[in-house]
Amino acid sequence: MKQVRAMDTVEQSQLFHSMLRIRRIEEALARKYAEQEMRCPIHLCVGQEAIAVGVCAALNQTDLVFSNHRAHGHYLAKGGGLAELVAEVYGRETGCCGGRGGSMHLIDLSVGFMGSTPIVGGTVPLAVGAAWAATLKRNRQVTVSFFGDGCFEEGVVHESLNFAALHKIPVVFVCENNDFSVYTRRTERQPDRPMFEIAQAHGVEAATGNGNDVEEVFNIATTAIDKARCGLGPQFLEFRTYRWREHCGPNFDDDLRYRLPLEIEAGLNACPIAHYRSKLTKANGLSGLDIDRYELEIQAEIEVAFNFALSSRRPGIEDANRKVYA
Amino acid sequence: MKQVRAMDTVEQSQLFHSMLRIRRIEEALARKYAEQEMRCPIHLCVGQEAIAVGVCAALNQTDLVFSNHRAHGHYLAKGGGLAELVAEVYGRETGCCGGRGGSMHLIDLSVGFMGSTPIVGGTVPLAVGAAWAATLKRNRQVTVSFFGDGCFEEGVVHESLNFAALHKIPVVFVCENNDFSVYTRRTERQPDRPMFEIAQAHGVEAATGNGNDVEEVFNIATTAIDKARCGLGPQFLEFRTYRWREHCGPNFDDDLRYRLPLEIEAGLNACPIAHYRSKLTKANGLSGLDIDRYELEIQAEIEVAFNFALSSRRPGIEDANRKVYA
Amino acid sequence: MLIAKYMPELEQRSLSFAEAVREALEQVMEKDPRVIVIGEGVPDPKAIFNSTIGLRDKYGTGRVFDMPLAENGLTGVCIGAALNGLRPVMVHQRIDFALLAMDQLVNNAAKWHYMFDGKASVPLVVRMIVGRGWGQGPQHSQSLQAMFAQVPGLKVVMPTTAYDAKGMLISAIEDDNPVLFIEHRWLHDIQDIVPEEYYRVPLDQGRILHEGDAVTVAAFSYMALEALTAAKALRTELGTAIEVLDMRSVRPLDVGLVLNSVRKTGRLIVADTAFRTGSIAGELISQVVEQAFDKLKTHPVRITLPDHPAPTSYFMTEHYYPGPQTIIDEVLKLVGVDRHSDGYKKLCAVTQRRGPHDTPNREFSGPF
Amino acid sequence: MLIAKYMPELEQRSLSFAEAVREALEQVMEKDPRVIVIGEGVPDPKAIFNSTIGLRDKYGTGRVFDMPLAENGLTGVCIGAALNGLRPVMVHQRIDFALLAMDQLVNNAAKWHYMFDGKASVPLVVRMIVGRGWGQGPQHSQSLQAMFAQVPGLKVVMPTTAYDAKGMLISAIEDDNPVLFIEHRWLHDIQDIVPEEYYRVPLDQGRILHEGDAVTVAAFSYMALEALTAAKALRTELGTAIEVLDMRSVRPLDVGLVLNSVRKTGRLIVADTAFRTGSIAGELISQVVEQAFDKLKTHPVRITLPDHPAPTSYFMTEHYYPGPQTIIDEVLKLVGVDRHSDGYKKLCAVTQRRGPHDTPNREFSGPF
Ligand SMILES: Cc1ncc(C[n+]2csc(CCOP(=O)(O)OP(=O)(O)O)c2C)c(N)n1
Ligand SMILES: Cc1ncc(C[n+]2csc(CCOP(=O)(O)OP(=O)(O)O)c2C)c(N)n1
Ligand SMILES: [Mg+2]
Ligand SMILES: [Mg+2]
């Protein structure tokens, strides 16, 4: 097994860039959503970028990822095509699902992003199955399953943990604990006990960390992925984080008062990007100029993607009844 | 909370009698099964009597029990009517389900036996719900859910544990671990870790014990039931035991060789009734005469029940389409 | 019984479907302390499209519950609570999530009364919402009534008007059987006259929404409103009177009502919100032809969704859902009216949808 | 293609349905290393009624698996494995258990190909067994094909003969879509001529089991054998020739085959193994009357189970399942034959069941 080693400055900048890029893309989607041309539910991951980025940075391109309704970050961090994402949200033919899926159904097989779907818990056993197939085929692929603290309540997660532990399947369960399922606080859904200990009791090795610290996520994920790859069995990672915007939709919803002002403030203060920026500014010499350059590059990329999307063909009813069967 | 106190000799004899009675009833059913007049699947609990008896002895009559496919022992130990059980297995009108259910569906509401069904896991959340209703109605009723080690793999069990822990529901989960699901050994279905620790990780208090020692079961159950009744939340009990006969049907099936001869020998040697008999013979003065009397009484009771059943009306198709709706 | 009016008169009180549901819940909870309400989001600020708002404030945390994401387990919990004397009302924001609870609904709730010889029953109501529009897509817009309606022991209803929503929800909660109460998302904001008093609407009867003798259109849920729009336009523009039946109940089906109408019209269209194959529309047609083959002048017709999942894209869904125009076209085919006439063209103009096709009304701006 | 013969000729090899299933599995596994088999009891001594016997010995613990009791999770696992290149065959000893897996089957397996624009597909076969007899009772004898058949994206088949069982299972495993392969428990021991070679039977075609022009009897699964018995007796005793169609496939339905037959006979009976309401029999009738109303001389008829769960008691189930006699009676009602005739009485005597009504054959002695 590899030792986790200190990151070099290039790698650090990449992590930063990747988070910043996801943030700007989400913000662009949020801004444009008001135009009422993205006509599908969207669940933005603003505030939670560090988990997607830290975990995916620890994967190989040939490794696999499954995700849930809040998938943009996972998809982008794994290398999923931006233009195809934007086109998908706009319902265009060039979208990654040809418009059939919208924001809640993303796929990019070329980078191992196997699919995201919005039935909570639905993809968790799929990740186990894909990883199982890898062992039966005797390749060294690892599969990651991203899901939330709400999802952890679904029975299928436990069935998945049991089967993964039984067959020592190289799957890494990544639980993004933002303490909420829609507007419902975890205390209304779960007793007061850590989730990761349940995974441990299932015989799955578990670790937990600060989901707003991208290097911490990366380090924990690297160790876990490496163990899974070496045949040490499934791994469960629980990361605490905070969702900034409304559960579904582009806006902030603090006016609904389901979160306390102090809590919101703490959440925003824990911004994974701001923190990493100041850390890198001090430690790795990341300069304001670098960041401006990133911002410009990302801005340009976003514009290209939106133009691509909006100028793509609109599919019609004639496309809608194809591909029901393979 | 009550202290568990030493049992008096009357109570001990009752435990013994209850186990012996279940054993003899199961044997009678097994013997008669060959006549091909009980035309339904039966799952006998021979070898596992101590769990049913020990747990139910710790319950009040107004407490509730839900059970699974292997329900005879639970039903009888809770006080369910013997004649109605036998009649049910014979498909007669006087059966506890009027013949609609057979061995796998038992009910006797007069003693709090709420129902047993053969979809594995099916009644576990029902027990939680019934117990929850008791708290919402503010009475001090406790509900027991009996299930097996195979059932523990069903996601719904984990959903039940979570909800029970969340609302501190007075339910006692009793897992009868006989190491098999049909012919499949636990090692082919679960990783090597204790089940009760998963319950603990869910925030459910757990204990484990020798399921072939009726007093141990009784003592552990008494403590757990008492805690649940006092509002200390759900309890999980795991008892090791051994199923003597085939999974489904009246016979022994050792010829199938899914269990090793040594294992079978150890299982039979652990007979809860033989052990308790010798203990009581030494410690509480239970005599051969007492036992002969029990045997005779039980035999007489069984004969009455079989006569009742076999002389009861056979329901017909005209009964079959009623009671689809309440 | 009141007949739904979509332009309520001044002196009568009008409520939306969601408000009517809320009022039913409130009144039943007031009357019967055994009633509890549970579901993901029931006490949250959005309150299931406002249909449960204020209930927790009024009845407390001991009767109004949010729940973990555990549809099968919690359905079982509600069944167990029902067996021990409560009358739970469970809510799923989308009927698609209820697929997770199929085991408990089909194996336990539906059969408990039967298999235990009537010794116990399961007074459980499950509200399930059928999604549509704004890119709900393949997993959030299924209309699964036929899947449940084939299960003996379940009752399945799909009220259309706010009036019926209140009356049928009250009946459902009072009923001793498991009742699935299916709400089409596009009905929630539609107003109707709803009396303040406590009243019941039976769970096994359809009703005539619009009288006519040309064609019978038996319609389910939101399709009944589409059929009503078609009926009004057909009468005004062409003088053709179709009979629109709001079926209201899916199990049992009120086949008697349809047979009566078909005896008059001799022609049958069934309009459903679900995929074509295996739809309850097919079941209804089968029952009608088994019982009244001789009364039909021509083949019956189904109007349904096509047999593929709902795509998400705005552009791909544009002609996915049948509406008044589809119904009109099928009616005219059956009665043999020329579709090149001026009357037909005017008719099309009248029923043409204004505004985007993927929202229930013009105020709706996503994303739910 | 061979026509099933229940008295195989000497020179041809005869296998039971269960043996044919086993042979199909073995041959596909031999040919395609991506095929794995998993299910509760697959490698156990009883080997799913002997249909998986020896597979583990031959293909090892890396391709033949038992599984935890976790139907939904393991269905998801199999879907994931299929997405990553395997071709899993999953087995449920009773179709009733598959209700736990409804979410994965309907929300994921059925829709994956569609919702991801054809970029991936789910080559998964799920074998599901419909129980009957020996007191299987309410939760172990459901015949749920219609519940699955209403889901676009799934294929659902119910082979009747051992010949078709082998050929259709091979086709199912080779198919890139999720295929539900439903086996009626009473078929497992029935013999048929089954070639040793690897062959395919299509998944979308019914076939004519018995030719005739009096009445079309479109039958599913075990009911096709009952219809065949009825057909033989009717021909011998009364000279009435009914056409028996073994539908074989439930989704898609081979409506064309039925339409062709109905054009000839003008009369339709559909015989199904399921409850009446919401059955696939109703769907088939609906499709036939929508498309060929004018060809029918009289109302179509459904032969199904009554609309209540199966009771357990031997005595209560005595007349629960329709059999050849039910089919004969419905045929004679449609063609108007006098049921007081001597011919009819002789007919009844011929088709009368010998031995207990709750076992598939006289050797069966419970309890499974
Ligand atoms: C089976 C199921 N139940 C309920 C929902 C509705 N729903 C969509 S997202 C969501 C919250 C999930 O919470 P969590 O898993 O913590 O993810 P987060 O939204 O916090 O990222 C819910 C309840 C669903 N889509 N599927
Ligand atoms: C949901 C479901 N899956 C599978 C079965 C088939 N089945 C009946 S009993 C049983 C074994 C259960 O094992 P366990 O829970 O340990 O109970 P035991 O039989 O050992 O008492 C199985 C697999 C079933 N009845 N229901
Ligand atoms: Mg969350
Ligand atoms: Mg066991």
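Residues numbered from 1 in each chain as written. Chains lettered and ligands numbered in written order. Predicted model: local features only at pLDDT ≥ 70, side-chain atom pairs only at ≥ 80, totals over all residues. Heavy atoms only, no water.

Engineer: Just checking my understanding: could you explain the confidence of the model for chain C for this structure?
Structural biologist: Low-pLDDT portions of the prediction should not be read for the details of their coordinates. All names here are of chain C. Summarising the model, chain C shows a mean pLDDT of 95, and 97% of its residues fall at 70 or more. Counting interchain partners and residues more than four positions distant, the pLDDT-below-50 stretch residues 1-8 has 24 contacts. With pTM at 0.98, the complex prediction returns an ipTM value of 0.98. (pLDDT = per-residue confidence, 0-100. Contact = heavy atoms within 4.5 Å.)

Engineer: I keep staring at the relation of the copies chain C and chain D and nothing clicks. Help me out?
Structural biologist: To go from the first copy of the chain to the second, apply a rotation about an axis and then a shift along the same axis. With an RMSD of 0.0 Å, chain C superimposes on chain D once it is rotated by 180° and translated 0.0 Å along the axis. Viewed as a symmetry operation, the transformation between the two copies matches a two-fold axis. Looking at the interface residues of chain C, 100% of them are also at the interface in chain D, so both copies use one shared face. (Least-squares fit on C-alpha atoms with pLDDT ≥ 70 in both.)

Engineer: Help me understand the interface of chain C and chain B, please; the structure alone is not making it clear to me.
Structural biologist: How big an interface is tends to be reported as the loss of accessible area on association of its parts. Each partner contributes to the interface: chain C provides 41 residues, whereas chain B provides 43 residues. Where chain C abuts chain B, roughly 3,100 Å² becomes buried across the two surfaces, and 67% of that area is made up of carbon and sulfur atoms. The interface formed by chain C and chain B contains two salt bridges. In this structure, Asp117 of chain C and Arg100 of chain B form a salt bridge, with 3.2 Å as the shortest nitrogen-oxygen distance. At the boundary of chain C with chain B, the tally comes to 16 residue pairs in polar contact (both at pLDDT 80 or more). Mapped by element, the contributors of at least two residues to the side of chain C that touches chain B are β2 (35-39), α4 (71-83), α5 (102-109) and α6 (112-115) of chain C. For the side of chain C that touches chain B, the leading source of residues is α4 of chain C, giving 10 residues. Grouping the constituent residues of the side of chain C that touches chain B by class yields 19 nonpolar, 15 polar and seven charged. (Buried area = accessible area lost by both parts, 1.4 Å probe. Salt bridge = Lys/Arg side-chain N within 4 Å of Asp/Glu carboxyl O. Polar contact = N/O pair within 3.5 Å; in protein donor to acceptor, adjacent residues only side chain to side chain. Helix = DSSP H or I, 4+ residues; strand = E, 2+ residues; numbered from the N terminus. Nonpolar A, V, L, I, M, F, W, Y, C, P; charged D, E, K, R; others polar.)

Engineer: Just to check I follow, could you spell out the sheet that holds strand β1 (residues 64-67) of chain A for this structure?
Structural biologist: The strands making up a sheet are joined through hydrogen bonds of the backbone, oriented either antiparallel or parallel. Residue and element names in this part refer to chain A. Strand order in the open sheet made by the six strands is β2-β1-β3-β4-β8-β7, with parallel pairing throughout. In this open sheet, the two strands that pair with only one neighbour each are β2 (113-116) and β7 (205-210). Strand-to-strand twist of the sheet, defined as the mean angle between neighbouring strand axes without regard to direction, takes the value 15°. Relative to strand β4 (residues 171-177), strand β3 (residues 143-148) runs parallel, the two sharing six bridges. When the bridges of β4 are listed, Ser145 appears paired with Phe173. Packing against the sheet, helix α8 (residues 214-229) makes contact with β4, β7 and β8 (235-240), and its axis sits at approximately 170° to β8. (Pairing = 2+ DSSP bridges. Axes fitted to C-alpha atoms, helices over the stretch in contact; angles between N-to-C directions.)

Engineer: Any chance you could explain the coordination of the magnesium ion (ligand 3) here in plain terms?
Structural biologist: Six octahedral donors around a metal ideally make angles of 90 or 180 degrees; four tetrahedral donors ideally make 109.5 degrees. Residue and element names in this part refer to chain A. The protein atoms that coordinate the magnesium ion (ligand 3) are Asp149 (OD), Asn178 (OD1) and Phe180 (O), at distances of 2.1 Å. In terms of primary sequence, the donors binding the magnesium ion (ligand 3) are separated according to D-x28-N-x1-F. With Asp149 in the loop between β3 and α6 (155-166) and Phe180 in strand β5 (residues 180-181), this pair connects stretches of sequence that are 31 residues apart. Judged by its relative accessible area of 1%, Asp149 is buried. Look at Phe180 and you get buried, because its relative accessible area is 5%. (Donors = N, O, S within 2.8 Å, 3.2 Å for Na, K, Ca; no water. Buried < 20%, exposed > 50% of the residue type's maximum accessible area, 1.4 Å probe, protein only.)

Engineer: Please clarify how the pattern of salt bridges should be interpreted in this entry.
Structural biologist: A pair can form between side chains of opposite charge whenever their charged atoms are brought close. Tallied over the full model, the rule gives 83 salt bridges over all chains. Across the salt bridge formed by Asp319 of chain B and Arg322 of chain B, the nearest N and O atoms sit 3.3 Å from each other. A residue is classified by how much of its surface remains accessible, and Arg322 of chain B, at 40% relative accessible area, is partly exposed. Between Glu243 of chain D and Lys264 of chain D there is a salt bridge, and its shortest N-O distance comes to 2.7 Å. Of this pair, Glu243 of chain D sits in strand β11 (residues 243-246) while Lys264 of chain D is found in helix α10 (residues 255-265), placing the two residues 21 residues apart along the sequence. Residues participating in the shared-partner salt-bridge network are Glu93, Arg313, Glu318, Asp319 and Arg322 of chain A.

Engineer: Please explain the coordination of the magnesium ion (ligand 4) as it appears in this structure.
Structural biologist: Residue and element names in this part refer to chain B. Distances from the magnesium ion (ligand 4) to its protein donors, namely Asp149 (OD), Asn178 (OD1) and Phe180 (O), fall within the range 2.1 Å. All donors to the magnesium ion (ligand 4) come from one chain, and their sequence spacing reads D-x28-N-x1-F. Of this pair, Asp149 sits in the loop between β3 (143-148) and α6 (155-166) while Asn178 sits in the loop between β4 (171-177) and β5 (180-181), and the two are 29 residues apart along the sequence. What makes Asn178 buried here is its relative accessible area of 7%.

Engineer: Got a minute to help me understand the interface of chain C and chain D in this structure?
Structural biologist: Every contact between the two is made by 45 residues of chain C and, on the other side, 45 residues of chain D. Interface area, chain C with chain D, both sides summed: about 4,100 Å², of which 60% is carbon and sulfur. Considering only the surface of chain C that becomes buried against chain D, Tyr114, Gln150 and Phe293 of chain C emerge as the three largest contributors, covering 17% of it. Where chain C meets chain D, there are seven salt bridges. A salt bridge links Glu290 of chain C to Arg302 of chain D; its shortest N-O distance comes to 2.9 Å. At the junction of chain C and chain D, the tally comes to 22 residue pairs in polar contact (both at pLDDT 80 or more). Among the secondary structure elements, those contributing two or more residues to the side of chain C that touches chain D are α5, α6, α7 (145-149) and α11 (280-292) of chain C. For the side of chain C that touches chain D, the leading source of residues is α11 of chain C, giving seven residues. A per-class count over the side of chain C that touches chain D returns 20 nonpolar, 15 polar and 10 charged.

Engineer: What is the right way to read the state of the cysteines from this model?
Structural biologist: Chemically, a disulfide is nothing more than a covalent bond linking the sulfur atoms of two cysteines. Counting across every chain of the model gives zero disulfides over all chains. Not engaged in a disulfide, the cysteine Cys97 of chain B finds its nearest cysteine sulfur in Cys96 of chain B; these two sulfurs lie 4.2 Å apart. (Disulfide = S-S within 2.5 Å.)

Engineer: So what exactly am I meant to see when it comes to α5 of chain C here?
Structural biologist: The periodicity of an α-helix, 3.6 residues per turn, causes residues three or four places apart in sequence to face the same way. Counting buried positions over the eight residues of α5 of chain C gives eight, a clear majority of the element. Within the sequence span of α5 of chain C, burial applies to Met102, Asp103, Gln104, Leu105, Val106, Asn107, Asn108 and Ala109 of chain C.

Engineer: Sorry if this is basic, but what is going on with the pairing of β8 of chain A here?
Structural biologist: Regular strands have side chains that alternate between both faces of the sheet. Residue and element names in this part refer to chain A. Taking burial as the measure, the six residues of β8 include five buried ones, the bulk of the element. Pairing of β4 with β8, which is carried by six bridges, proceeds in the parallel orientation. For Val174, the partnering residue across the bridge sits in β8 and is Leu237. With six bridges connecting them, β7 and β8 associate as parallel partners.

Engineer: Honestly, the site of ligand 2 in this entry has me stumped. Any pointers?
Structural biologist: Near ligand 2 you find 21 residues, and of these His69, Arg70, Pro118 and Gly150 of chain B together with Glu71 of chain D are the closest. Bordering ligand 2 are residues originating from chains B and D. For ligand 2, an oxygen atom lies 2.8 Å from a polar atom in the side chain of His69 of chain B. Contacts to ligand 2 include Pro118 of chain B, whose backbone N or O atom sits 2.8 Å from a nitrogen atom. Burial of ligand 2 by the surrounding chains reaches 95%, relative to a free accessible area of 580 Å². Its residues placed into classes, the shell around ligand 2 shows nine nonpolar, seven polar and five charged. (Near = heavy atom within 4 Å. Areas by Shrake-Rupley, 256 points an atom, 1.4 Å probe, with all protein chains shown as cover.)

Engineer: Just checking my understanding: could you explain the site of ligand 1 for this structure?
Structural biologist: Around ligand 1, the surrounding shell holds 21 residues, and the nearest of these are His69, Arg70, Pro118 and Gly150 of chain A together with Glu71 of chain C. The site occupied by ligand 1 is bordered by residues of chains A and C. Phe180 of chain A places a main-chain nitrogen or oxygen 2.9 Å from an oxygen atom of ligand 1. Interatomic distance of 2.7 Å between a side-chain N/O atom of Glu71 of chain C and a nitrogen atom of ligand 1.

Engineer: How should I be thinking about the side chain of Asn178 of chain B in this particular structure?
Structural biologist: A polar atom in the side chain of Asn178 of chain B sits 2.9 Å from the side chain of Gln48 of chain B. Look past the residues within four positions of Asn178 of chain B in its chain and what remains in contact with it is Gln48, Asp149, Thr241, Tyr242 and Arg243 of chain B.

Engineer: Honestly, unusual backbone geometry in this entry has me stumped. Any pointers?
Structural biologist: What you tend to see is this: most non-glycine residues have negative phi, and most peptide bonds are trans. In this structure, Pro252 of chain C follows Arg251 of chain C across a cis peptide bond, with omega equal to 0°. Structurally, the position occupied by Pro252 of chain C is in the loop between β12 (249-251) and α10 (255-265). Phi at Arg257 of chain A is positive, roughly 65°, even though this residue is not glycine. Its place among the elements puts Arg257 of chain A in the loop between β8 and α9 (261-269). Even without being a glycine, Ile48 of chain C presents a positive backbone phi close to 45°. Summarising the element assignment, Ile48 of chain C is placed in helix α2 (residues 47-50).

Engineer: Explain the environment of Gly249 of chain B here, please?
Structural biologist: With respect to the helices and strands, the residue Gly249 of chain B is situated in the loop between β8 (235-240) and α9 (261-269). A relative accessible area of 0% places Gly249 of chain B in the buried class. Sequence-wise, Gly249 of chain B and Ala207 of chain B are 42 residues apart; in three dimensions their C-alpha atoms are separated by 31 Å. In contact with Gly249 of chain B, other than residues within four places in its own chain, are Ile42 and Leu44 of chain B together with Pro367 of chain D.

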